[in-house]
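This is what each chain is made of:
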Amino acid sequence: MACLQTVFSYIGIAVVAYYASLIVTFAYDVFVRPGVKLSKFGAGQGFWAIVTGCTDGLGRETALELARKGFNILLVSRSQDKLDLMATEVRALGVEARVLAVDFAKVSVEQWAEIQQQVDDVRVGVLVNNVGVSYDYPMFLEEVSEETVDALVDINMRAMVKMTRTVLPQMKERKSGLILNSGSFAALLPSPFLSVYSGSKGFVKYFSQSVASEVAKDGIIVEHLQTYFVCSKMSKTKKPNFFIPLPKPYIKTILNKIGVQGGSSEPYTSVPFFSHALMAFVAERLVPKQAAIDYNFNLLNGLRKRALKKIQREQEADKAKTA
Ligand SMILES: NC(=O)c1ccc[n+]([C@@H]2O[C@H](COP(=O)([O-])OP(=O)(O)OC[C@H]3O[C@@H](n4cnc5c(N)ncnc54)[C@H](OP(=O)(O)O)[C@@H]3O)[C@@H](O)[C@H]2O)c1
């Protein structure tokens, strides 16, 4: 009996020590550990950062913050007028800016060749594969339009793969580079009613981790950014709270913590923003996945029903106007 008690107390000590070490590592990562310095990738040395989907939300803030850090910026996004405004803002920060108007939902072979030319024309230190789209509201897979399905595949996955391929040769030759890929909590926990978005971010995660491992020996860091909600057009949230920050503080943390896992236990993944890190820590280690999927099902189904009611109200108001 005494022997059994000793065995159980050792197991108890081991379990407590394990969780204590996880908490200490978490706190060290989030509050203390510095990230890899951006000067390693050419900040302030005439190098360029490419940011896709850079005229709004997280991409816009990433482009501005990288400019503040001393990178010239190649701005790649859909709308020429917004790109021109962004270029003016970037130049006002004392660095160079170029723009490339590309609709990633329909890029022709010729356009990819042009993108490659533009990329080859500059020394690329950083690529931020930020562009991404989601649904208008949560819905069943068969309710999603063909156009939306194709756009999700083209923008969230194809663009990331092809943009990454444009920069790798020169980064490999120089043995230096940073590639940041916009992922999502929709890859940490599967998201019913957002199946194509969630699946595309699952792709981003495994693509990033696989390429990261391939190129680590070449001095290139590929990082999967597993983002929870941030105020933006996509998240349809304007007012920040503890869990949903504004893009600026979020991106500042990301760029100061390159190579720091934060709340994630996934390789080549970074979740350094405190509230997001806390959620990732809990979701990954303490919540059974099926329970999380069931929770997401109810949450997103509720959002779907609210969105449908809103659409119905709007249609009825339109009908009343035209009657
Ligand atoms: N915000 C969040 O809560 C959140 C959470 C998790 C992950 N993420 C990820 O973070 C990334 C950025 O999200 P966000 O919230 O910042 O998005 P956002 O505010 O909607 O901004 C999207 C940007 O992408 C551009 N864009 C959209 N479609 C495009 C296309 N077909 N071709 C080229 N550019 C296009 C937009 O240009 P226009 O201005 O011309 O439309 C805009 O600059 C996405 O990959 C998203 O999945 C965001």
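Residues numbered from 1 in each chain as written. Predicted model: local features only at pLDDT ≥ 70, side-chain atom pairs only at ≥ 80, totals over all residues. Heavy atoms only, no water.

Trainee: Sorry if this is basic, but what is going on with the side chain of glutamate 61 here?
Mentor: When you line up the elements, glutamate 61 lands in helix α2 (residues 57-68). With relative accessibility at 12%, the residue glutamate 61 sits in the buried group. (Helix = DSSP H or I, 4+ residues; strand = E, 2+ residues; numbered from the N terminus. Buried < 20%, exposed > 50% of the residue type's maximum accessible area, 1.4 Å probe, protein only.)

Trainee: Is there a simple way to think about α2 in this case?
Mentor: Since the α-helix turns once every 3.6 residues, residues separated by three or four places project in the same direction. Taking 1.5 Å per residue, twelve residues should reach 16 Å; α2 reaches 17 Å between its end C-alpha atoms and fits that length. Residues of α2 that are buried in the fold lie against β1 (48-52), β2 (72-77), α3 (80-91), β4 (124-129) and α7 (247-256). Immediately beyond the C-terminal end of α2, within one or two residues, lies glycine 70, with a positive phi of roughly 105°. (Expected span 1.5 Å × (residues − 1). Contact = heavy atoms within 4.5 Å.)

Trainee: Got a minute to help me understand the nonpolar core in this structure?
Mentor: What tends to happen in soluble globular proteins is that the nonpolar side chains get buried as a cluster. One finds Leu38, Leu66, Phe71, Ile73, Leu75, Val90 and Val126 to be the most contacted residues of the largest nonpolar core, which totals 33 residues. For this core, the secondary structure elements donating two or more residues are β1, α2, β2, α3, β4, β5 (177-182) and α7. It is α2 that contributes the most residues to this core, five residues altogether. Apart from the residues lying within four places of it in its own chain, the contact partners of valine 126 are Phe41, Trp48, Ala49, Ile50, Leu66, Phe71, Met171 and Leu178. (Core = buried A, V, L, I, M, F, W, Y, C linked by side-chain atoms within 4.5 Å.)

Trainee: Got a minute to help me understand the pairing of strand β3 (residues 97-101) in this structure?
Mentor: When a strand is regular, its side chains alternate between the sheet's two faces. Pairing of β2 with β3 involves five bridges; the strand directions are parallel. Counterpart to isoleucine 73 in the pairing with β3 is alanine 97. Once you follow β2 into α3 and on to β3, the crossover reads as right-handed. (Pairing = 2+ DSSP bridges. Right-handed = clockwise from strand over helix to strand, strands pointing away.)

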